[in-house]
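Here is what each chain is made of, one letter per residue.
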Amino acid sequence: EAEVISGEQSDTILAAVPLDAANPSKGVIVVETSISPDMTRTLNGIKTAYEDYLKLDLWRVPIKSNYFLLLGLFTLLVVFTSLYFSLRIAGWITGPVRDLAAATEEVAAGNLSVSVKTGRKDEMGLLIGSFNRMVGELKDGKESLEKAYSESDRRRLIMENILTNIQSGVISLDAEGKVLIVNPAALRVL
């Protein structure tokens, strides 16, 4: 056993150990030494620091668990945030493509009044603008063809009406000499 006796000038450490642990009656060795108070204060500081370390060591596992939990929550937050933004970006990219594909189907079905709305200034906006211009030109071309066909049909009807009601005989031939038109007056004359 050891005992520390504090004095004014120095501290004294006494230690006693039996000579034979199996037979303590054989004798005891007693050792005594003096140490300075600075050394005692240093040893007390080391002892206090060690006790503080043992107290902190008890908190190591809970603190480590809290850090892992916090890191896991932060990781989940980052993953879900990146997933949300990636879905938004994918929708921003594929939405106009989807609208353009639907408009193309409508044009293929004959609806030339379709127009895809966009406020974008990037390549997709240029593509949609070109599509809208193309559909507009197709619509104008179709209207021009319908108007020309209607005008041609009206002129044909007028020509047929004139040829039917004219008193003179009219025979129309092509470049090879084949008969294209014969009016009723020409048939009467022939």
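Structural data are supplied above this passage.
Per chain, residue numbering runs from 1 following the sequence as it is written. In view of the model being predicted, local features appear only for residues whose pLDDT reaches at least 70, and side-chain atom pairs are presented and counted only at 80 or more, with totals across whole chains, interfaces and linings using the full set of residues. The side-chain figures draw on all heavy atoms in the structure; neither hydrogens nor water molecules are used.

Undergrad: Which parts of the structure should I look at to understand the overall build of the chain?
TA: To qualify as a helix, a DSSP run of H or I must reach at least 4 residues; to qualify as a strand, a run of E must reach at least 2; elements of each kind are numbered from the N terminus. Counting secondary structure elements, the chain contains three helices and five strands. Mapped in sequence order, the helices and strands of the chain form the string β-β-β-α-α-β-β-α. Projected onto its principal axes, the C-alpha positions of the chain cover 170 × 40 × 25 Å. Going through the 190 residues of the chain one by one, you find that 13% of them count as buried. For the chain, contacts bridging at least 24 residues in sequence account for 24% of all contacts bridging at least 6. Each accessible area value is a Shrake-Rupley result obtained with a 1.4 Å probe; residue values ignore everything except the protein chains displayed when judging cover. Summed over all atoms, the accessible surface of the chain reaches about 15600 Å², with 63% contributed by carbon and sulfur. Three exposure classes are used, based on accessible area relative to the maximum for each residue type with a 1.4 Å probe and protein chains only: buried under 20%, partly exposed in between, and exposed over 50%. The contact definition used throughout considers only heavy atoms, calling two residues in contact when any of these lie within 4.5 Å.

Undergrad: Quick question: what am I supposed to make of the nonpolar core here?
TA: As a rule of thumb, soluble globular proteins bury nonpolar side chains together. By convention a nonpolar core is built from buried Ala, Val, Leu, Ile, Met, Phe, Trp, Tyr and Cys residues, the set being connected through side-chain atoms within 4.5 Å. Of all hydrophobic cores here, the largest spans 10 residues; its members are Leu100, Ala103, Val107, Leu112, Val114, Val116, Met124, Ile128, Phe131 and Val135. For this core, the elements supplying multiple residues, two or more each, are α1 (37–108) and α2 (123–165). The dominant element in this core, judged by the number of residues it contributes, is α2, at four residues. Among all residues touching Phe131, those that are not within four sequence positions of it are Leu100, Ala103, Thr104, Val107 and Val116.

Undergrad: When you look at the sheet that holds strand β1 (residues 2–6) in this model, what are you seeing that I'm missing?
TA: Pairing between the strands of a sheet comes from backbone hydrogen bonds, and it takes one of two forms, parallel or antiparallel. At least two bridges found by DSSP between two strands is the condition for calling them paired. As summarised here, the arrangement of the three strands in space is β1-β2-β3, forming an open sheet in which the pairing is antiparallel. Each having just a single partner strand, β1 and β3 (28–35) make up the two edges of the open sheet. Neighbour-to-neighbour, the strand axes of this sheet turn through a mean angle of 20°, independent of strand direction. Sheet analysis places β1 next to strand β2 (residues 11–18), joined by five bridges and oriented antiparallel. Across the sheet, residue Val4 finds its bridge partner in β2, namely Ile13. Here the axes come from fitting lines to C-alpha atoms, over the contacting stretch only for helices, and the angles between their N-to-C directions go from 0 to 180 degrees.

Undergrad: What should I look at first to understand α1 in this one?
TA: One turn of the α-helix equals 3.6 residues, which is why residues spaced by three or four share an orientation. Given a rise of 1.5 Å per residue, 72 residues ought to cover 106 Å, and the 101 Å separating the end C-alpha atoms of α1 matches this to within 8%. Arg60 marks the point of greatest bend in α1, at about 35°, and the proline Pro62 comes within the next four residues. Of the residues making up α1, those classed as buried are Thr40, Gly95, Pro96, Leu100, Ala103 and Val107. Lining the buried residues of α1 we find β2, β3 and α2. Positive backbone phi, approximately 110°, marks Gly110, located one or two places after α1. Each helix should span, by expectation, one fewer than its residue count multiplied by 1.5 Å. Note that the bend at a residue is defined as the angle between axes fitted to the seven residues ending at it and the seven residues starting at it.

Undergrad: Is there a simple way to explain the pattern of salt bridges in this structure?
TA: When their charged atoms lie close together, side chains carrying opposite charge are able to pair. Salt bridge criterion: a side-chain nitrogen from Lys or Arg within 4 Å of a carboxyl oxygen from Asp or Glu. Within this structure, the stated rule accounts for nine salt bridges. Linking Arg155 and Glu151 is a salt bridge whose minimum nitrogen-to-oxygen distance equals 3.2 Å. Separated by four residues within a single helix, Arg155 and Glu151 lie in helix α2, roughly one turn from each other. Judged by its relative accessible area of 55%, Arg155 falls in the exposed class. Residues Glu160 and Arg156 are paired through a salt bridge, measuring 2.7 Å at the closest nitrogen-oxygen approach. Of the two residues, Glu160 and Arg156 both sit in helix α2, four residues apart, roughly one turn of that helix. Take Glu160: its relative accessible area is 39%, and that puts it in the partly exposed class.

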